[in-house]
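Single-letter residue listing:
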Amino acid sequence: MDYYQQIFKRKSFHLFRGTEKLTTDDINNLKAFIDSVKPLDPHIKTRIQLVPETDTTCKRGGEYCILFYSEKKGEYLRNIGYIGEQIDLYLASQDIGALWFGIGKPQELEINGLGFVIMISIAKMPVDKFRKDMFKSKRKPLSETWIGDTLNVAEIVRFTPSACNTQPWITENNGKELLVYRYKKPGKRGIMPIEKVRYYNKIDIGIYLFMLETCLKYENYSFVRTLYEDTTDDSVEKTLIARYELRRK
């Protein structure tokens, strides 16, 4: 699976129009791919289900929703973001449109002790409905998301999707390693309810880590990753999330 090339194609379909039906092969291949995804933390139990969108409160015109359930322990939100972005990019490779839908609810909020976290609504879309020029997308200036040498990575990873396009991260390249922070500017939350900012930002960080690693691999960097527990509240601007010791292949 060439994740990197799908970064340029994927987009968030906030409303699905002109959809096509997913075939039996589409569904079987998707389920097989879901079974192959790599978690950020293999010690956290997760479950992913595919259900008709009509079985949820999401009403965006999608055909199905991918439901993410997890043990609610450790950095489970970050783990779900990391897993989910693999699926997001796979969907783009199959001409399946996707929308991370944070406010949706499924019929079952808990399955076998695992709590519902978030969903992705999906629908088969004509190929011309996908992104044609990623660089026209609205994102923060690079100076607000990356410090130091960009490694030809920062220019691409800045297009990582995030809730309400908040982009709650800063990466610092000090010449020896990359330090990734969850960043929350005091008083800034966009249109998200204040009680949900940290919840979605933690999922976003997991999405960002997968995108960052995808870009590093494309630029022929190997790395040793160290993850840190995120225990700070939103009164702290920068919380260290991960450290990447880099090597050129």
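Everything below is about the structure printed above this text.
Now for a quick tour of the structure.

## Looking at the sheet that holds strand S10 (residues 238–248)
1) Next: Strand order in the open sheet formed by 5 strands is S6-S7-S8-S10-S9, with mixed pairing between adjacent strands. Edge positions in the sheet fall to strand S6 (146–147) and strand S9 (221–227), since each has one partner strand and no second.
2) Next: Where S9 meets S10, 7 bridges bridge the pair, whose relative direction is antiparallel. Paired with Leu-227 across the strands is Ala-242, a residue of S10.
3) Next: Contacts between helix H5 (residues 197–218) and the sheet are confined to S6, strand S7 (169–173), strand S8 (177–183), S9 and S10, with S8 contributing the most and set at about 160° to the helix.

## Notes on helix H2 (residues 24–36)
1) Next: Taking 1.5 Å per residue, 13 residues should reach 18 Å; H2 reaches 19 Å between its end C-alpha atoms and fits that length.
2) Next: Every buried residue belonging to H2 is among Asp-26, Ile-27, Leu-30, Phe-33 and Ile-34, and all of these are buried. Down the axis of H2, the buried set is contained in an arc of 130°. They therefore lie on one face. With respect to the buried face of H2, the exposed residues turned more than 90 degrees away are Thr-24, Asp-25 and Asp-35.
3) Next: Here the buried face of H2 lies against helix H1 (3–7), strand S1 (46–52), strand S2 (64–70), helix H3 (76–93) and strand S5 (114–124).

## Looking at empty space enclosed by the protein
If you roll a probe as big as a water molecule over the atoms, it shows you where there is empty space left.
1) Next: What the rule picks out here adds up to 1 cavity of 30 Å³ or more.
2) Next: There is about 40 Å³ of room inside the largest cavity.
3) Next: In the lining of the largest cavity, the residues fall into 4 nonpolar, 1 polar and 3 charged.

## Quick word on the pairing of S10
1) Next: Pairing of S8 with S10, which is carried by 7 bridges, proceeds in the antiparallel orientation. Across the sheet, Tyr-181 pairs through a bridge with Leu-240, a residue of S10.

## Structural notes on the pattern of salt bridges
1) Next: Following the criterion strictly, the structure yields 9 salt bridges and no others.
2) Next: For Glu-177, the salt bridge identified is with Arg-243, shortest N-O distance 2.8 Å. In this pair, Glu-177 sits in strand S8 while Arg-243 sits in strand S10, placing the two residues 66 residues apart along the sequence.
3) Next: Here Glu-177 falls in the buried class, since its relative accessible area comes to 16%.
4) Next: Relative accessible area serves as the criterion here: at 23%, Arg-243 is assigned to the partly exposed category.
5) Next: A cluster of three or more residues bridged by salt bridges with shared partners is formed by Glu-75, Arg-78 and Lys-202.

## A word on the nonpolar core
1) Next: By size, the foremost hydrophobic cluster in this structure holds 58 residues, and its most contacted members are Ile-87, Ile-122 and Leu-212.
2) Next: Residue contributions to this core peak at 12 residues, all from H5.
3) Next: Leave out the neighbours within four places in its chain, and Ile-87 touches Leu-30, Phe-33, Ile-34, Val-37, Ile-48, Ile-66 and Phe-68.
4) Next: With 16 residues, the next largest nonpolar core counts Phe-13, Cys-65, Met-119 and Phe-130 among its residues.

Thresholds applied
- Residues numbered from 1 in each chain as written.
- Predicted model: local features only at pLDDT ≥ 70, side-chain atom pairs only at ≥ 80, totals over all residues.
- Heavy atoms only, no water.
- Pairing = 2+ DSSP bridges.
- Helix = DSSP H or I, 4+ residues; strand = E, 2+ residues; numbered from the N terminus.
- Contact = heavy atoms within 4.5 Å.
- Axes fitted to C-alpha atoms, helices over the stretch in contact; angles between N-to-C directions.
- Expected span 1.5 Å × (residues − 1).
- Buried < 20%, exposed > 50% of the residue type's maximum accessible area, 1.4 Å probe, protein only.
- Arc of directions from axis to C-beta.
- 1 Å grid on protein atoms, 1.4 Å probe; cavity = no way out; pocket = protein on both sides within 12 Å on 5 of 7 lines; lining within 4 Å.
- Points joined across faces, edges and corners; volume = space filled by probe spheres on them.
- Nonpolar A, V, L, I, M, F, W, Y, C, P; charged D, E, K, R; others polar.
- Salt bridge = Lys/Arg side-chain N within 4 Å of Asp/Glu carboxyl O.
- Core = buried A, V, L, I, M, F, W, Y, C linked by side-chain atoms within 4.5 Å.

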